[in-house]
Amino acid sequence: MLESSARLLALLGLMQSRRDWTGPELAERLGVTDRTVRKDVDRLRLLGYPVDAVRGPHGRYRLGVGASLPPLLLDEDEAVAVAVGLRAATGITGIEETSMRALAKLDSVLPHHLQRQVSAMHEAVLKGPENTGSNVEDPVVDAAVLTALAAAIRDHEEVRFDYQGEAPTDRRQVEPYRLVSWQRRWYLVARDAHTDRWAPYRVDWLTLRTPGGRRFRPVAFPGDYTSFVLREVAVAGWAVHCRVRVDASAEEVLARVNPTVGVVEPVDESHCDLVTGGDSVEVVAVWIGMLGLDFHVEEPPALVEALRVQARRYAAAVPS
């Protein structure tokens, strides 16, 4: 049997790991009697931990919501995982400083051997650039915007926002359903109640307006959120969009590309159109060259010029 102080910590850890526990379940896990569990719960309350209880034959214990956060008990693997994750937190503006504060608090209470593990991981691992495939900086999303959108999704409240490239008179008002993170970008999947049209919106392209909208009754989403975002982004979610005529069948092109990077439309048995995009014309110019197939591009003009520049550059690199 654990000593009383160690048992209290073990009890607290169990209650943090699961929402509800019966007295017998806790007693079995701790190797004590139901009466001892009741006494230990009372001791936790005296120490300021809000433990809710439902009396009776089906009574349960639950760690309630208090005025302040109680100490969080983590096992060794969990502590190291949280610390490494905090060190790697990027891509959301405002979270870097918050992550460092949380990490400092965690480091101050980690046992010495765990501090050494976390430090060893931090010192041994180097982090490369987040965006190695583009000449455009990775987008940064405000944590407050993500928090506001998540709350609107939870509470079924419409959101209003201005969208990049659109006039203020075209302000959007939609029903938010899900946030999807992909390729270090955040997308809001939402429905326009007036048109019943679903669309993904890049969070770094929207500016929330207050107040929001009315509450709404959710409807079923027709499919999988993630697949929907990947498919729609291929044709509408990039800064640059293009249509490329490829001298190959649709089947051959589909065998060479990930379906999420573009839509392949058959033209005839030996030609197809690839509708795709990227963060810049330079990225698109390089990427379509990697298909390993002959292709033709007529628009946008900026992409045509980028291909001319790449063609001259590659030609100059080959000895005459």
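Structure's up top.
Summarised in this report is the structure supplied together with it. If you're wondering where the values come from, they're calculated on a predicted model, not measured in any experiment.

### Digging into a positive patch on the surface
Next, step 1: A cluster of basic residues, Arg-35, Arg-38, Lys-39 and Arg-55, forms a positive patch at the surface.
Next, step 2: Within the fold, Lys-39 resides in helix α3 (residues 34-46).

### As for the pairing of strand β6 (residues 159-163)
Next, step 1: Of all 5 residues that make up β6, 5 are buried, and the element is covered over most of its length.
Next, step 2: Burial along β6 is two-sided: the residues Val-159, Phe-161 and Tyr-163 and Arg-160 and Asp-162 are all buried.

### Digging into the packing of aromatic side chains
Next, step 1: All told, the structure shown has 9 aromatic pairs when counted by the stated rule.
Next, step 2: Arranged with centres 5.2 Å apart and planes meeting at 70°, the rings of Phe-161 and Tyr-201 form a pair that is edge-to-face. Highlighted residues: Phe-161 in strand β6 and Tyr-201 in strand β9 (residues 197-202), separated in sequence by 40 residues. There is no split in this pair, since Phe-161 and Tyr-201 are both buried.
Next, step 3: Members of the aromatic cluster, connected to one another through ring pairs, are Tyr-177, Trp-198, Phe-216, Phe-221, Tyr-225 and Phe-228.
Next, step 4: If you follow Arg-18 out to its NZ or CZ, it ends over the ring of Trp-21, 3.8 Å from the centre.

### Focus: the pattern of salt bridges
Next, step 1: One pass over the full model with this rule turns up 20 salt bridges.
Next, step 2: Of the charged contacts in the structure, one is a salt bridge between Asp-40 and Arg-7, with a shortest N-O distance of 2.5 Å. Placement of the pair is Asp-40 in helix α3 and Arg-7 in helix α1 (residues 4-17), with a sequence separation of 33 residues.
Next, step 3: When its relative accessible area of 2% is taken as the criterion, Asp-40 is described as buried.

### Comments concerning the sheet that holds strand β8 (residues 185-192)
Next, step 1: If you trace the 5 strands from one edge of the open sheet to the other, you get β9-β8-β7-β6-β10, paired in antiparallel fashion. What marks the edges here is a single partner per strand, and that holds for β9 and β10 (206-209). For this sheet the average axis-to-axis angle between neighbouring strands, irrespective of direction, equals 45°.
Next, step 2: In the sheet, strand β7 (residues 172-182) pairs with β8 via 7 bridges, with the strands oriented antiparallel. Pairing of Arg-178 across the sheet is with Val-189, part of β8.
Next, step 3: Running over the sheet, helix α7 (residues 143-155) touches β6, β7, β8 and β10 and is turned about 115° from β7.

### A look at the packing of α1 against α3
Next, step 1: Orientation of α1 relative to α3, taken along the N-to-C sense of each, is 85°, at an axis distance of 10 Å. By the angle between their directions, the pair α1 and α3 is classed as roughly perpendicular. Within the contact between the two elements, α1 uses Ser-4, Arg-7, Leu-8, Leu-11 and Met-15 and α3 uses Thr-36, Asp-40, Val-41, Arg-43 and Leu-44.
Next, step 2: The residue makeup of the contact of α1 with α3, split by class, is 5 nonpolar, 2 polar and 3 charged.

### Describing the sheet that holds strand β1 (residues 21-22)
Next, step 1: What the 3 strands build is an open sheet, ordered β1-β3-β2; its pairing is antiparallel. Every other strand in the sheet has two partners, leaving β1 and β2 (51-54) as the edge strands with one partner each.
Next, step 2: Across 2 bridges, the pairing between β1 and strand β3 (residues 60-63) is antiparallel. Bridge pairing in β3 links Trp-21 to Tyr-61.
Next, step 3: Lying on the sheet, α3 is in contact with β2 and β3; it crosses β2 at an angle near 140°.

### As for the environment of Tyr-177
Next, step 1: When you line up the elements, Tyr-177 lands in strand β7.
Next, step 2: Relative accessible area serves as the criterion here: at 6%, Tyr-177 is assigned to the buried category.
Next, step 3: Residues Tyr-177 and Ala-190, spaced 13 residues apart in sequence, show a C-alpha to C-alpha distance of 5.5 Å.
Next, step 4: Excluding anything up to four places from it in sequence, Tyr-177 contacts Ile-153, Val-189, Ala-190, Arg-191, Trp-198, Phe-216, Arg-217, Pro-218, Val-219 and Tyr-225.
Next, step 5: Among the polar contacts made by the side chain of Tyr-177, one reaches the side chain of Glu-175 at a distance of 3.2 Å.
Next, step 6: A distance of 3.0 Å separates the side chain of Tyr-177 from the backbone nitrogen of Val-219, its partner in a polar contact.

Cut-offs applied
Residue positions are counted from 1 within each chain, in the order its sequence is given. The predicted nature of this model means local features are confined to residues of pLDDT at least 70 and side-chain atom pairs, given and counted, to a pLDDT of 80 or more, with totals for whole chains, interfaces and linings taken over all residues. Derived side-chain values reflect all non-hydrogen atoms in the structure, with water molecules and hydrogen atoms excluded from consideration. Patch membership requires more than 30% relative accessible area and the absence of a salt bridge. Residues of like charge join within 9 Å; the nonpolar side chains Val, Leu, Ile, Met, Phe, Trp and Tyr join within 5 Å. Note on areas: these come from Shrake-Rupley sampling with a 1.4 Å probe, and a residue is covered only by the protein chains present in the view. The term salt bridge refers to a pairing of a side-chain nitrogen on Lys or Arg with a carboxyl oxygen on Asp or Glu at a separation within 4 Å. Lys and Arg are tallied as positive, Asp and Glu as negative. Neither His nor the chain termini are counted. Throughout, a charge is located at the NZ atom of Lys, the CZ atom of Arg, the CG atom of Asp or the CD atom of Glu. Each helix is a run of H or I in the DSSP string that is no shorter than four residues. Each strand is a run of E no shorter than two, and both are numbered from the N terminus. The classification of residues rests on relative accessible area computed with a 1.4 Å probe and restricted to protein chains. Under 20% of the type maximum is buried, over 50% is exposed, and intermediate values are partly exposed. What counts as a ring pair is set by centres within 6.5 Å for rings of Phe, Tyr and Trp (its six-membered ring), and what kind of pair is set by the plane angle: stacked under 30 degrees, edge-to-face over 60, tilted for all other angles. Charge-over-ring placement is defined geometrically: NZ (Lys) or CZ (Arg) within 6 Å of the ring centre, and within 35 degrees of the ring normal. For two strands to count as paired, DSSP must find a minimum of two bridges between them. Helix axes are fitted to C-alpha atoms over the stretch in contact, other axes to C-alpha atoms as well, and angles between N-to-C directions run from 0 to 180 degrees. Should any heavy atoms of two residues lie within 4.5 Å, those residues are counted as being in contact. Convention used here: angles under 35 degrees read as roughly parallel, angles over 145 as roughly antiparallel, angles from 65 to 115 as roughly perpendicular, and any remaining angle as oblique. Each residue is assigned to one of three groups, with Ala, Val, Leu, Ile, Met, Phe, Trp, Tyr, Cys and Pro labelled nonpolar, Asp, Glu, Lys and Arg labelled charged, and all others, Gly among them, labelled polar. Two N or O atoms form a polar contact when they lie within 3.5 Å of each other; inside protein one atom must be a possible hydrogen donor and the other a possible acceptor, and for residues adjacent in sequence the pair counts only when both atoms belong to side chains.

These results come straight from atomic positions and should not be treated as a statement about function.
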